Amino acid sequence: MGSRPVVEGWFSEGEEPALTGSRCTQCGTFAFPKQLAFCSNPHCDCDEIEEASLSRRGTIWSYTNSMYKPPHPYVAGDDFKPYALAAVELEHEKMVIVGQVAAGVAYESLAVGDEVELVIERLFSDDDGDVVTWKWRPVAEGASS
Ligand SMILES: [Zn+2]
C-alpha cells in the first residue's frame, strides 16, 4: 500500500511538488504534458527539448464548479463529490493548466486573479492504495515564501 500518481511522470512529489513539462532549448517554448520529440512552437524546428519543472504558483484565470464525474485523467473514483476546477495561469510560463481545487476549498471562496499553489492530493483510493494528482490551493493572504 502506498500512493501513486494518476499519470506517471506528469508531476513530482515531495516538499515542493511541481508539474513536469518540457522546454525548448532554442525558443524557450514550454509544453505540458511534456513534449520531448519536437517543439510545440510551429515556427521552431528545434528538436532539442528538455524536461522542465513548471512554476508551482499561478493565478486563477477561470474556474468552475463541476457537478459531474470528470474525464480521464481527472478520475474521481466512487466517492465522487462536486468539486471546483480552476484554470490557472502559471507565474512564469504563462501557460494555463486546469486542475481540481484542493480539498476543503469552497467554490464560493475563489476569485479570478487569486494566487494559488500546486499541491499533491489524494484523488481516490483503490485496492492498491491512494492515487494522487495535482490540485490548486489558494495561497493564504499575507503569507510569504
Ligand atoms: Zn522551439
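What counts as what
Residues numbered from 1 in each chain as written. Predicted model: local features only at pLDDT ≥ 70, side-chain atom pairs only at ≥ 80, totals over all residues. Helix = DSSP H or I, 4+ residues; strand = E, 2+ residues; numbered from the N terminus. Buried ≥ 20, exposed ≤ 12 C-beta atoms within 10 Å, placed from the backbone. Contact = placed C-beta atoms within 7 Å. Pairing = 2+ DSSP bridges.

Asks: What should I look at first to understand the overall build of the protein chain in this one?
Replies: Secondary structure summary: the protein chain contains zero helices and ten strands in total. Going from N to C terminus, the protein chain has its helices and strands arranged as β-β-β-β-β-β-β-β-β-β. Out of the 145 residues belonging to the protein chain, those deemed buried represent 23%. Long-range pairs, those at least 24 residues apart, make up 53% of the contacts in the protein chain between residues at least 6 apart in sequence.

Asks: I tried to follow the pairing of strand 8 (residues 96–101) on my own but got confused; where do I start?
Replies: Look at any regular strand and the pattern is simple: side chains alternate between the two faces of the sheet. Judged from the five bridges that link them, strand 7 (residues 83–90) and strand 8 form a sheet pairing that is antiparallel. Of the residues in strand 8, the one forming a bridge with A87 is V98. Linking strand 7 back to strand 8 in an antiparallel pair, the connection comprises five residues, with K94 at a positive phi of about 60°. Judged from the two bridges that link them, strand 8 and strand 10 (residues 129–138) form a sheet pairing that is parallel. For V101, the partnering residue across the bridge sits in strand 10 and is W136.

Asks: Would you take a moment to explain the environment of W61 for this structure?
Replies: Along the chain, W61 falls in strand 6 (residues 57–66). Linking W61 and E89, residues 28 residues apart in sequence, is a C-alpha distance of 6.0 Å. If we ignore the near neighbours within four places in the chain, the residues touching W61 are A87, V88, E89, V96 and V112.

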